[in-house]
Amino acid sequence: MKEKILITGGAGFIGSHLCEYLVHQGYRVVAIDDLSTGRLENIQHLRPLPSFQFVRETITNSQVLDRLASEADIIIHLAAAVGVKLIVEDPVHTIRTNIIGTEEVLNTANRYGCKVLIASTSEVYGKGVRVPFTEEDDRLMGSTSHSRWAYAASKAVDEFLGLAYHRQFGLPVVIMRFFNTVGPRQTGQYGMVVPRFVRQALKGEPLQVYGDGQQSRCFADVSDVIWAVARLAEHPKAVGEVFNIGATQEVSILDLAQRIIGLAGSASQVQFVPYEQAYAPGFEDMRRRVPSLEKINRLIGYNPKCSLDDILNRVIAYEQQRI
Ligand code: UDP
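In what follows, the accompanying structure is described. (Residues numbered from 1 in each chain as written. Predicted model: local features only at pLDDT ≥ 70, side-chain atom pairs only at ≥ 80, totals over all residues. Heavy atoms only, no water.)

## Some remarks on the sheet that holds strand S1 (residues 4-8)
Here's step 1: Strand order in the open sheet formed by seven strands is S3-S2-S1-S4-S5-S6-S11, with parallel pairing between adjacent strands. The two strands at the open ends of the sheet, each matched to only one other strand, are strand S3 (52-56) and strand S11 (242-245). Neighbouring strand axes in the sheet, compared pairwise and without regard to direction, differ in orientation by 20° on average.
Here's step 2: Pairing of strand S4 (residues 74-77) with strand S5 (residues 115-121) involves four bridges; the strand directions are parallel. Within S5, the position partnered with isoleucine 74 by the bridge is lysine 115.
Here's step 3: Here helix H2 (residues 62-70) sits on the sheet and contacts S1, strand S2 (28-33), S3 and S4; the angle it forms with S2, its principal contact strand, is near 165°. (Pairing = 2+ DSSP bridges. Helix = DSSP H or I, 4+ residues; strand = E, 2+ residues; numbered from the N terminus. Axes fitted to C-alpha atoms, helices over the stretch in contact; angles between N-to-C directions. Contact = heavy atoms within 4.5 Å.)

## Focus on helix H11 (residues 308-320)
Here's step 1: With 13 residues, H11 should cover 18 Å at 1.5 Å per step; its first-to-last C-alpha distance of 18 Å lies within 8% of that length.
Here's step 2: Here the buried face of H11 lies against strand S7 (181-182), helix H6 (193-203), strand S10 (220-221), strand S12 (250-252) and helix H8 (253-264). (Expected span 1.5 Å × (residues − 1).)

## Topic: the layout of surface pockets
Here's step 1: In this structure, the second largest pocket occupies an estimated 280 Å³ of space.
Here's step 2: Every residue lining the second largest pocket is counted, 15 residues in all, and those nearest its centre are Glu135, Glu159, Leu163, Arg177 and Val242.
Here's step 3: Residues that form the lining of the second largest pocket fall into these classes: five nonpolar, one polar and nine charged. (1 Å grid on protein atoms, 1.4 Å probe; cavity = no way out; pocket = protein on both sides within 12 Å on 5 of 7 lines; lining within 4 Å. Points joined across faces, edges and corners; volume = space filled by probe spheres on them. Nonpolar A, V, L, I, M, F, W, Y, C, P; charged D, E, K, R; others polar.)

## Let's talk about the packing of helix H4 (residues 91-112) against helix H5 (residues 148-169)
A pair of packed helices can be characterised by two numbers: the angle between their axes and the separation between those axes.
Here's step 1: For the pair H4 and H5, interaxial distance at closest approach is 9 Å and the crossing angle is 15°. Judged by the inter-axis angle, H4 sits roughly parallel to H5. Like other packed secondary-structure pairs, H4 and H5 cross with a definite hand, here right-handed. Residues Thr94, Ile95, Asn98, Ile99, Thr102, Glu103, Leu106, Asn107 and Asn110 of H4 touch H5, and the partners they reach there are Ala150, Tyr151, Ser154, Lys155, Val157, Asp158, Leu161, Gly162, Tyr165 and Phe169.
Here's step 2: Within the contact of H4 with H5, the residues separate by chemical class into nine nonpolar, seven polar and three charged. (Parallel < 35°, antiparallel > 145°, perpendicular 65-115°, else oblique. Left-handed = near helix turned anticlockwise from the far one by under 90°.)

## As for the packing of H6 against H11
Here's step 1: For the pair H6 and H11, the least separation of the axes is 10 Å and the interaxial angle reads 55°. Comparing the axis directions of H6 and H11 gives the class oblique. For the element pair H6 and H11, the recorded crossing hand is right-handed. Residues Val194, Pro195, Val198, Arg199 and Leu202 of H6 lie in contact with H11, whose contacting residues are Leu312, Val315, Ile316, Glu319 and Gln320.
Here's step 2: Here the residues of the contact of H6 with H11 sort into seven nonpolar, one polar and two charged.

## A word on the site of the ligand
Here's step 1: In the region of the ligand, 19 residues are neighbours, and Gln208, Tyr210, Arg217, Asp285 and Arg289 sit closest.
Here's step 2: The contact in question runs from an oxygen atom of the ligand to an N or O atom on the backbone of valine 193, over 2.8 Å.
Here's step 3: One of the side-chain nitrogen or oxygen atoms of arginine 196 is found 2.9 Å away from an oxygen atom of the ligand.
Here's step 4: In isolation the ligand offers 510 Å² of accessible surface; the protein chains occlude 95% of this area.
Here's step 5: Elements represented by at least two residues in the shell around the ligand include exactly H6 and strand S8 (207-210).
Here's step 6: Looking at side-chain class alone, the shell around the ligand contains nine nonpolar, four polar and six charged residues. (Near = heavy atom within 4 Å. Polar contact = N/O pair within 3.5 Å; in protein donor to acceptor, adjacent residues only side chain to side chain. Areas by Shrake-Rupley, 256 points an atom, 1.4 Å probe, with all protein chains shown as cover.)

## Brief notes about H4
Here's step 1: The terminal C-alpha atoms of H4 lie 32 Å apart, and with 22 residues this matches the ideal 32 Å at 1.5 Å per residue to within 8%.
Here's step 2: All of the buried residues along H4 are Thr94, Asn98, Gly101, Thr102, Val105, Leu106, Thr108 and Ala109.
Here's step 3: Directly after H4, the chain includes glycine 113, whose backbone phi takes a positive value near 70°. (Buried < 20%, exposed > 50% of the residue type's maximum accessible area, 1.4 Å probe, protein only.)

## A word on empty space enclosed by the protein
Over the atoms a probe the size of a water molecule is rolled, and this reveals where empty space is left.
Here's step 1: For the structure shown, the criterion picks out one cavity of 30 Å³ or more.
Here's step 2: Approximately 30 Å³ is the volume found for the largest cavity.
Here's step 3: Together, Lys4, Ile5, Leu6, Val30, Leu68, Glu71 and Ala72 line the largest cavity.
Here's step 4: Each residue belonging to the lining of the largest cavity can be placed in one class, and the counts come to five nonpolar, no polar and two charged.

## Quick look at unusual backbone geometry
Here's step 1: A cis geometry characterises the amide bond from valine 131 onward to proline 132, with omega recorded as -5°.
Here's step 2: Note on placement: proline 132 falls in the loop between S5 and H5.
Here's step 3: Its identity as a non-glycine residue notwithstanding, leucine 35 has a phi of 60°, on the positive side.
Here's step 4: A relative accessible area of 17% means that leucine 35 is categorised as buried.

The values are spatial; any link to function lies outside them.
In C-alpha cells:
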C-alpha cells in the first residue's frame, strides 16, 4: 500500500484538489482544516471513501497535530492565511498563522521523521523586476509599513524554517513556491482575480480592474499544480530544495478581463478602480510575475498542460452552476 499523507489546509482550494488526486493515486489521505477559509463542500464527495479522513481542527492544536503526524509518512503543509485582501485586512492573523503554524508542523514532523512539503508563494520574490524569477534570485521587499509585505515576509520565514530543519536535523523538507494558481473551487472572497472577474462577467456586472490593468500575471491550472506537488512528494532529490510551480503564459489584467468577458459571452464592461480604493492607501502591486520553471522541469519533467483559455473555460463552467 502507498504511504499515508497528511494535508494541512486540505479543505481549501488547492488542498481539496490534492486530496482528490492523491486518493485516486492510491494514497491514504488525512485532511486537517479549521474551515476558516476552506470549505466542507470542497471535500464532501471524498468523505465516504475509506482511504480519506477529514479532521476539523486548527494546526495549532498540538495534541491533534502530534497524533496525526505520528501516523503519517508525508505532510503537505498548505494551511495558511491566503489572499491579498485578507492579508491587508487582518495582518496579525496572517503573521501568526503563517509563522506559528509552520513552526508547529515542522517541530511535530521532526519528532516522527515525516517528509514535509511546505507551500510558499511567488510573493517571496517581492518587487523583483528581473523576470523570469529563478529560485536563487535575490528578493526585494517593500517597507514594513505596508501590510502586504507581511505575507511575503512570513512565507519567507517559513522557507527559512523548513530549510533550517532540513540542514540542522536532517528532516526531509521540500519548499514549493506557488505562482497564481486558479481553477474550480477557488473563491474570489479573499481577492483572487479570476473567480472575481468570472462572477462579475456572469452576473453582467462591471469587471473591476485595479490600477491601469497593465500589471501582468501567469495563471496555472490547479490540475497541473497538484500533479507537480505529488511528483515532488515522491521524488527523493526534491528534498532540501526550493521549486517554483506555476505557468509561463503571461497576460495583463486588462487583457484577462476582456478575455473572460469574451469567453463568458458577457455584456459586462471593464471598470478601472484605483488601488487605494481597492485595498488600502499606499498599496503596492507587482507589475510582472513570471516563474522560471527550468528547475522543476529538470527534476520531474513538469510542463503545464492547460492553456489560459482552458483554465478560464473551466472556471466559467464551474461558476455558471453556482450563480
Ligand atoms: N485584481 C484586479 N481586480 C480584482 C482582483 C485583483 O484587478 O478584483 C488584480 C490585482 O491588483 C493584481 C492581479 O489582479 O494585480 C492579481 O491579483 P490576485 O489577488 O489574484 O493575485 P496576486 O496579487 O497575488 O498576484
